[in-house]
Amino acid sequence: MKAQILKSFGGPEAFELQDVAMPVPQAGQVLVRVHATSINPLDYQVRRGDYPDYVPLPAITGHDVSGVVESVGPGVTSFVPGDEVWYTPQIFDGDGSYAEYHVASEKIIGKKPASLSHLEAASLTLVGGTAWEALVVRAGLRVGESILIHGGAGGVGHVAIQLAKAIGAKVFTTVREDNFEFAQSLGADVLIDYTKEDYVDAILRETDGNGVDVIFDTIGGNTLAKSADALAQLGRVVSIVDIAQPQNLIEAWGKNASYHFVFTRQNRGKLDELSTLIERGQLRPHVGAVYSLADIPLAHARLENPDNGLRGKVVIAVDPSAHPASADS
């Protein structure tokens, strides 16, 4: 099978497309023909060497799969060949999804929602699971509460807006003005152009000085550092970004705030919950660009560029025959 091999840590050129042996499913495992995968910030962080102790080289990386079951190992009862499935491979535990085939435990695999294409499904497994864990499991977002979602036009952010609206929250989000219409189409109630206005000032103005109940941080840095200033009493901050600097938590302490840091875990349950929202028409991923398996280096370079002009996710059509209408963009 073809696979993109990460030979060394570094830039996008560190990948090399090679022929490698197809994996064989063991007891409790499923072999999947990968129709699509996608690119996440975690992917380029791994590639550039942010987690060298967890990624022995050479490696097949990648963290999203949508495809079709090719075969199953002994003891598998949930799937049969021909089933359409989606999942996030175990992070830092075995090969990833930048390949034509992938093997995984049946415990982390879900049935792909029938209404989603493989490209759409592959765009959602990691970011959808992350948003679910952040908003539902950690923040405990409730009906009638308010939430600020940083980066609402991004891969995780555009899913989080829809999830928050499905829960019944009032959604504030930071996006550039040219993404206002996109964010509104997802359900955002209040839009803040972070290039023109400090988000803390905007939140305090829009909430009569009370702040929001939950802040979901997908940006990090100074954005996370100032979050407590825009938080309501008993508010919660959830971040999916590495802490790169010390945090001053005096303001958070005064508001009885709680902070949560999410490195998402893999399980079928979150995928099933997302499937329910998709079936109800409350969640739809947005594919911003499509590349081929051979062009993964180009896809990495584009996502890593802060001025990439993307909305939603960068997706990889691993099996071109499964996506007759797709094209590189």
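Our structure's up above, just so we're on the same page.
Below, the structure is looked at part by part.

### Regarding helix 10 (residues 296-304)
Phase 1: Here helix 10 has its buried residues at I296, P297, A299, H300 and L303. One face of helix 10 carries all of its buried residues, which in axial projection span an arc of 160°.
Phase 2: Buried residues in helix 10 make contact with strand 1 (2-6), strand 2 (15-19), strand 3 (29-39), helix 1 (41-48), strand 14 (287-292) and strand 15 (313-317).

### Looking at the packing of helix 3 (residues 125-138) against helix 9 (residues 268-279)
Phase 1: The N-to-C vectors of helix 3 and helix 9 enclose an angle of 95°; their axes lie 10 Å apart at closest approach. In terms of orientation, helix 3 lies roughly perpendicular with respect to helix 9. Mapping the contact onto sequence places T125, G128, G129, W132 and E133 in helix 3 and K270, L271, E273, L274 and L277 in helix 9.
Phase 2: Class assignment of the residues belonging to the contact of helix 3 with helix 9 gives a composition of 4 nonpolar, 3 polar and 3 charged.

### Focus on the sheet that holds strand 11 (residues 212-217)
Phase 1: Spatially, 6 strands are ordered 10-9-8-11-12-13 in an open sheet, and the strand pairing comes out parallel. Either end of the sheet is taken by a strand with one partner, and the two such strands are strand 10 (190-192) and strand 13 (258-261). Pairs of neighbouring strands in the sheet enclose a mean axial angle of 15°, with direction left out of account.
Phase 2: In the sheet, strand 9 (residues 170-174) pairs with strand 10 via 3 bridges, with the strands oriented parallel. Bridge pairing in strand 10 links F172 to V190.
Phase 3: Strands in contact with helix 4 (residues 155-167) are strand 8 (146-150), strand 9 and strand 11; relative to strand 8, the strand with the most contacts, it is inclined by about 170°.
Phase 4: Strands in contact with helix 6 (residues 199-206) are strand 8, strand 9, strand 10 and strand 11; relative to strand 10, the strand with the most contacts, it is inclined by about 155°.

Cut-offs applied
- Residues numbered from 1 in each chain as written.
- Predicted model: local features only at pLDDT ≥ 70, side-chain atom pairs only at ≥ 80, totals over all residues.
- Heavy atoms only, no water.
- Buried < 20%, exposed > 50% of the residue type's maximum accessible area, 1.4 Å probe, protein only.
- Helix = DSSP H or I, 4+ residues; strand = E, 2+ residues; numbered from the N terminus.
- Arc of directions from axis to C-beta.
- Contact = heavy atoms within 4.5 Å.
- Axes fitted to C-alpha atoms, helices over the stretch in contact; angles between N-to-C directions.
- Parallel < 35°, antiparallel > 145°, perpendicular 65-115°, else oblique.
- Nonpolar A, V, L, I, M, F, W, Y, C, P; charged D, E, K, R; others polar.
- Pairing = 2+ DSSP bridges.

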